[in-house]
Structure formats: structure tokens, C-alpha cells
Amino acid sequence: MSQGLSAAASGMAAAQTRLDALSNDLVNANTTGYRPERVAFHDLLYGRATSGAAAPVSVGAGVGVTHLGRAVGSGPTQQTGRALDVAIPGDGFLRVQRADGKVALTRDGSLDVDTAGRLVTTSGAILDPPVRLPRGTTADQVTIGSDGTVRAAGRVAGRLQLFAVTSPGSLQPIGGGDYVATTASGAARQLASARFDTGALEGSGVDMAQTMVDMTLAQRGYEMASRAVRAEDELMQIANQVKR
Amino acid sequence: MAAEQVRQDLVANNLANASTPGYKADRARQRDFSEVLLASRAGGGTVGLVGNGPAVLASVTDLTPAAPHDTGQPLDLAIQGEGFFAVRTANGVRYTRNGEFGKSPDGLLVDAAGDRVLGQDGGPVRVAADGTVADSAVGVFAVRDATKEGANHFTGVATGRGAGTVRTGALEASGADPVRTMVEMMASTRAYESGQRVIQTIDDTLGKAAGQVGSLGA
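Residues numbered from 1 in each chain as written. Chains lettered and ligands numbered in written order. Predicted model: local features only at pLDDT ≥ 70, side-chain atom pairs only at ≥ 80, totals over all residues.

Participant: So what's going on with the domain arrangement of chain A? Which residues, and what values?
Facilitator: Where interface size is given, it is often the accessible area lost as the parts come together that is meant. Residues and elements named next belong to chain A. When the domains of chain A are assigned, the result is domain 1 (3–71 + 206–240) and domain 2 (77–202). On a C-alpha basis, the centroid separation for the pair domain 1 and domain 2 is 38 Å. Across the boundary between the two partners, domain 1 contributes 8 residues, which contact 11 residues of domain 2. (Domains from an automatic or database assignment. Contact = placed C-beta atoms within 7 Å.)

This is how it looks when you write it as C-alpha cells:
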């Protein structure tokens, strides 16, 4: 079987992976604190073709895909006016304890108060270190200062802490806007000073126009690779017709 | 036909890598097999030269720089002009035009495989606390005998500083020009087809020689 056929097929597979990543970006165009996926292409090993060549010619085996993680850089800050919304300028993360027991990092600062009076994120994960509000406090009595100090009815109830990793692009997403630290990202460490934009949320990092353009390009890439498959098929068909 | 198959395989690989940043396209250089001098068996006079068909002499990698396009990612780097980035892999130093880099846990600039990117002095490049690198910190090398190895890597001999300059927040487009590649693909298919026709014609001639010469009139 010709190497070109598998090379062309790998082109289709790569374009498909890119399209999958872009579709995921697109549906998250309004997700708070979402960061677009980064998909990297690289060429595969080069083999030697001897038949039909005066000297061995190196022919590539197609294209491979690696997930590079997520884009870095904050999305646009959107004012919401809600007292329990915080946006994080810079590269910090809130740390949360999820219901499944995992400790995760998130940039989703849309906070709420659960039935036990603790501050939780939209996915229901409890802030870590926890911020516990006095019994009977309602959400509209809570204010958060720009340094992260949480006040319930005027009294200090706790402080939001920020965490950071060396390489935020390599954090592993586990759904719900939560990320876990990996060996590639480095361990999470607490930041000495924390600053928040209160009454605001970080919008999605997805640039709609750019994503649509990238999608069109990926689609065309898929189409071209499929044409190369067809051309290889045509060659085999022609070869088959040598003997009538 | 065999030569066109090789050319088609090169084209397929180029098309598959039409979105690979910093990819350099391969082109087939063809020539005919050495010709043979035919002599007439009856009279002994020379008839003339007869070719033995084409062969692919070599695949030539077109190293012409492609245009960079902006991505906005601070660790996406492109070289404007000639030259290569150098990365230290497990197999030694390799050169690449793909500047899709990231930051390692120890704060150094690494490629997609986690291999360190080298500065002009051959040392690692440190990423600043704000997640950016200075254009001048990343080495650009002129490379002699650059040969593709896969994974966007080239082997070769570095001969000092490359002429190109580093641009951050951008990636170099693939060197596989879709239009040119598609045209080459079509041309190659047709050449393959005509090769097949030639085989059929020769087969017909031989068939006639074997089946009709000597048979008495129909």
C-alpha cells in the first residue's frame, strides 16, 4: 500500500482533531473563564522510497497532532454588578475542593453561598481554604473587597486566596471550568498578594471571529487531504487497469 | 509509473501538512533513466537513443520562508527571514521553524515535546514571570545541509547566526502551497495514467506480433 495514502489519511485525522477542538471552543464562547484549546501539528517520520527513484528518496508519513494545553491570557472582564462575582486580573486561580474529592484550580469567580454557609463556585465546589459565613447570612449581605476580604453584614468572615502555577497553559482541564496541576504545569503555590475585580466576571477567551476563520481553514484542510486520498485511489485504479 | 507514485506520495505528505506551522514542502526532482543506444540488428546501423522512462532523482525540500500569521499567544514564535530555532532533544540538537513553544515547570522555554529551546549561546531560554520571552533571547541559527527528520525537526550543521529575526505572538504558516500542490497532484495523476497507456500500447503491439504475424489472411 502506498505511503501517500496513509499520509493523506493522517491529514484528515489531524484536521478532524482541530475541528473538534475548535467546536469545543465555539460552544464555550460564553463560558466564564474559559481558555481556548491549543492543538499543535507536526510532520511524521520520513521513510525511504526506492522503487521509482534513482537514489532513495525520503518521503514523509503525514502529520501528527499534539494537544499543547490551553491558551494563556485572560478573557475580557465583564461587569455584572453582582456582589459575589470576582474576576481575577493576571494569572492567578482560585483553589476549590470538588464534590469528587479533587482539589482543583479555577478562574470561574461566580461565587455563591451553599446551605452550610460556605462560599462555592457555580459547579458547587467549595473554596479551599474555605470561607465560612456566620449562620443566617444571606447572599445579599456579603461583600468582597478588592484584596479578597469577605465581609458578611460588615464583619470580616474570611479571605479569598489566589494560587498560581509556573506554566498555566499545561494545566489539565477536568470539566466545570476546573483544572488540576500536572507535572508539566508545576505545582500550585499560594500568591502572597491577591487582587480581585469585584462585581465582574472574566469572559470566555474565545475570539468568535478568529475561531470561525480557523474552522473554515480546518475544513478546507480536511477537504484537501481527502482529495489526496482520492488521487492515491485513482493511481491504484489506473494501475489495476494495466491488465484488461 | 513508479516515479509518479513517489511524486504523488510527496504531494500527499505536503497536503497533509498544509496546516503544520513551519512545515517545508518537498518537491520531486525527476530525470530520465540513462538512455540506451539502439542498433539495427539487420544492418548494424544505429537507430537512435531510447529512453527508459523517468525516475525521481531526489526530493528537494523548499526552505523558502513562509509568511508568519499572528496568534496572540506570547510563546508562539516565528522567524522572519532565514534561520532555524534550535532545540535540545534526547538525540542531540535539532533545528526547527515551528515556534509553537510553551513554558516548562522550571520556567524555561520548551517546544511541544518538552525539549528545551536554545539561545544563541546554546544555553536554555528563561521565560519571564509575566509569561513572555524577549525576541533577542531566542537563538536563530543558520543551518547547512538541513534535512527533515519528522516532528518538525531538521538535522544539519549550524554555521552561526541566521539572518532572520524572531517575532513573538506569531507562527510561520506551512510552506505547502495548497494551489500549487493540488495542481501538482493532478498533473502527476495524469502522467501516471499516460504511463499506463504506454504499457497497454506496448502490450497491444506485442499481442499483435504474437497473434497476427504469420497468420494467413482473414
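Moving on, there is more to tell.
Participant: Tell me about helix α2 (residues 208–240) of chain A, and please be specific about residues and values.
Facilitator: Compared with the 48 Å implied by 1.5 Å per residue over 33 residues, the 48 Å span of α2 of chain A between its first and last C-alpha is a close match. What α2 of chain A keeps buried is the set Asp214, Ala218, Gly221, Met224, Ala225, Ala228, Val229, Ala231, Glu232 and Leu235 of chain A. Where α2 of chain A is buried, its residues meet α1 (3–27) of chain A together with α1 (2–16) and α2 (178–211) of chain B. (Helix = DSSP H or I, 4+ residues; strand = E, 2+ residues; numbered from the N terminus. Expected span 1.5 Å × (residues − 1). Buried ≥ 20, exposed ≤ 12 C-beta atoms within 10 Å, placed from the backbone.)

Participant: Give a description of the nonpolar core that names residues and reports values.
Facilitator: Counting residues in each nonpolar core, the largest one holds 40 residues, and the members touching the most others are Ala8, Ala225 and Ala228 of chain A together with Val6, Ala12, Leu15 and Ala16 of chain B. The set of elements that each furnish at least two residues to this core consists of α1, β1 (37–43), β3 (57–60), β4 (63–70) and α2 of chain A together with α1 and α2 of chain B. In contact with alanine 228 of chain A, other than residues within four places in its own chain, are Gly4, Ala8 and Gly11 of chain A together with Val11, Ala12, Leu15, Ala16 and Met185 of chain B. Counting residues in each nonpolar core, the second largest holds 28 residues, with Val86, Ala125, Val165 and Leu201 of chain A among its members. (Core = buried A, V, L, I, M, F, W, Y, C linked by C-beta atoms within 7 Å.)

Participant: Can you tell me about the sheet that holds strand β6 (residues 76–80) of chain B, naming the residues and giving the values?
Facilitator: For sheets, the rule is that strands pair by backbone hydrogen bonds, running either parallel or antiparallel. Residue and element names in this part refer to chain B. Judged by pairing direction, the sheet is antiparallel, and its 3 strands sit side by side in the order β9-β6-β15 without closing on themselves. Edge positions in the sheet fall to β9 (99–100) and β15 (165–168), since each has one partner strand and no second. Two strands pair when backbone bridges link them, and β6 and β15 are joined in this way by 4 bridges, in the antiparallel orientation. Counterpart to isoleucine 79 in the pairing with β15 is valine 166. (Pairing = 2+ DSSP bridges.)

Participant: I'd love a proper account of the interface of chain A and chain B, names of residues and values included.
Facilitator: Taken together, the contact pairs 53 residues of chain A with 51 residues of chain B. For the side of chain A that touches chain B, the secondary structure elements donating two or more residues are α1, β1, β2 (46–49), β3, β4 and α2 of chain A. Among the elements that line the side of chain A that touches chain B, the one with the most residues is α2 of chain A, at 12 residues. Residues of the side of chain A that touches chain B, tallied by class, amount to 27 nonpolar, 21 polar and 5 charged. (Nonpolar A, V, L, I, M, F, W, Y, C, P; charged D, E, K, R; others polar.)

Participant: So, the domain arrangement of chain B: which residues are in play, and what are the values?
Facilitator: All names here are of chain B. Considered domain by domain, chain B is made up of domain 1 (2–63 + 176–210) and domain 2 (68–172). For domain 1 versus domain 2, the separation of C-alpha centres amounts to 37 Å. Classifying every residue of the side of domain 1 that touches domain 2 gives 2 nonpolar, 3 polar and 1 charged.

Participant: Pulling in residues and values, what's your account of the environment of serine 74 of chain A?
Facilitator: Residues and elements named next belong to chain A. For serine 74, the location among the structural elements is in the loop between β4 and β5 (77–79). Residues serine 74 and proline 89 lie 15 residues apart in sequence; the distance between their C-alpha atoms is 7.4 Å. Apart from the residues lying within four places of it in its own chain, the contact partners of serine 74 are Pro89 and Glu202.

Participant: Tell me about the packing of α1 of chain B against α2 of chain B, residues and numbers included.
Facilitator: All names here are of chain B. At a closest axis distance of 9 Å, the pairing of α1 and α2 adopts a crossing angle of 160°. Taken together, the axis directions place α1 and α2 in an arrangement best described as roughly antiparallel. At the point where α1 passes α2, the crossing takes the left-handed sense. Contacts from Glu4, Arg7, Gln8, Val11, Asn14 and Leu15 of α1 reach α2 at Thr181, Glu184, Met185, Ser188, Ala191, Tyr192 and Gly195. By residue class, the composition of the contact of α1 with α2 is 5 nonpolar, 5 polar and 3 charged. (Axes fitted to C-alpha atoms, helices over the stretch in contact; angles between N-to-C directions. Parallel < 35°, antiparallel > 145°, perpendicular 65-115°, else oblique. Left-handed = near helix turned anticlockwise from the far one by under 90°.)

Participant: Describe unusual backbone geometry, naming the residues involved and giving the relevant values.
Facilitator: All names here are of chain A. Proline 129 follows aspartate 128 through a cis peptide bond whose omega is 0°. With respect to the secondary-structure elements, proline 129 resides in the loop between β11 (126–127) and β12 (142–144). The phi torsion at alanine 153 lies on the positive side, around 50°, for a residue other than glycine. Note that alanine 153 resides in the loop between β13 (149–152) and β14 (155–159).

Participant: I'd love a proper account of the packing of α1 of chain A against α2 of chain A, names of residues and values included.
Facilitator: Packed helix pairs are characterised by how far apart their axes lie and by the angle those axes make with each other. All names here are of chain A. Contact geometry of α1 with α2 gives a least axis separation of 8 Å together with a crossing angle of 160°. As judged from the angle between their axes, α1 and α2 are roughly antiparallel. Both α1 and α2 take part in a crossing whose hand is left-handed. Broken down by class, the residue content of the contact of α1 with α2 amounts to 14 nonpolar, 7 polar and 4 charged.

Participant: Give a detailed account of the sheet that holds β14 of chain A, specifying residues and quantitative values.
Facilitator: Residues and elements named next belong to chain A. Strand order in this open sheet of 3 strands is β12-β13-β14, and the pairing throughout is antiparallel. Each having just a single partner strand, β12 and β14 make up the two edges of the open sheet. If you compare each strand with its neighbour and ignore which way they point, the axes differ by 30° on average.

Participant: Which residues make up the confidence of the model for chain B, and what are the values?
Facilitator: Residue and element names in this part refer to chain B. Residues at a pLDDT of 70 or more form 94% of chain B, whose mean pLDDT is 86. Here strand β2 (residues 36–39) stands out as the least confident element of chain B, with mean pLDDT 68; strand β7 (residues 85–89) is the most confident, with 93. Here the predicted complex carries an ipTM of 0.76, next to a pTM of 0.80. (pLDDT = per-residue confidence, 0-100.)

Participant: Help me get a handle on the pairing of β7 of chain B, residues and values and all.
Facilitator: Residue and element names in this part refer to chain B. Where β7 meets strand β8 (residues 92–96), 5 bridges bridge the pair, whose relative direction is antiparallel. Paired with alanine 86 across the two strands is tyrosine 95, which belongs to β8. As consecutive antiparallel partners, β7 and β8 are separated by 2 residues. Alignment of β7 against strand β12 (residues 116–117), held across 2 bridges, turns out to be antiparallel. Considered in β12, the bridge of arginine 88 is made with arginine 116.

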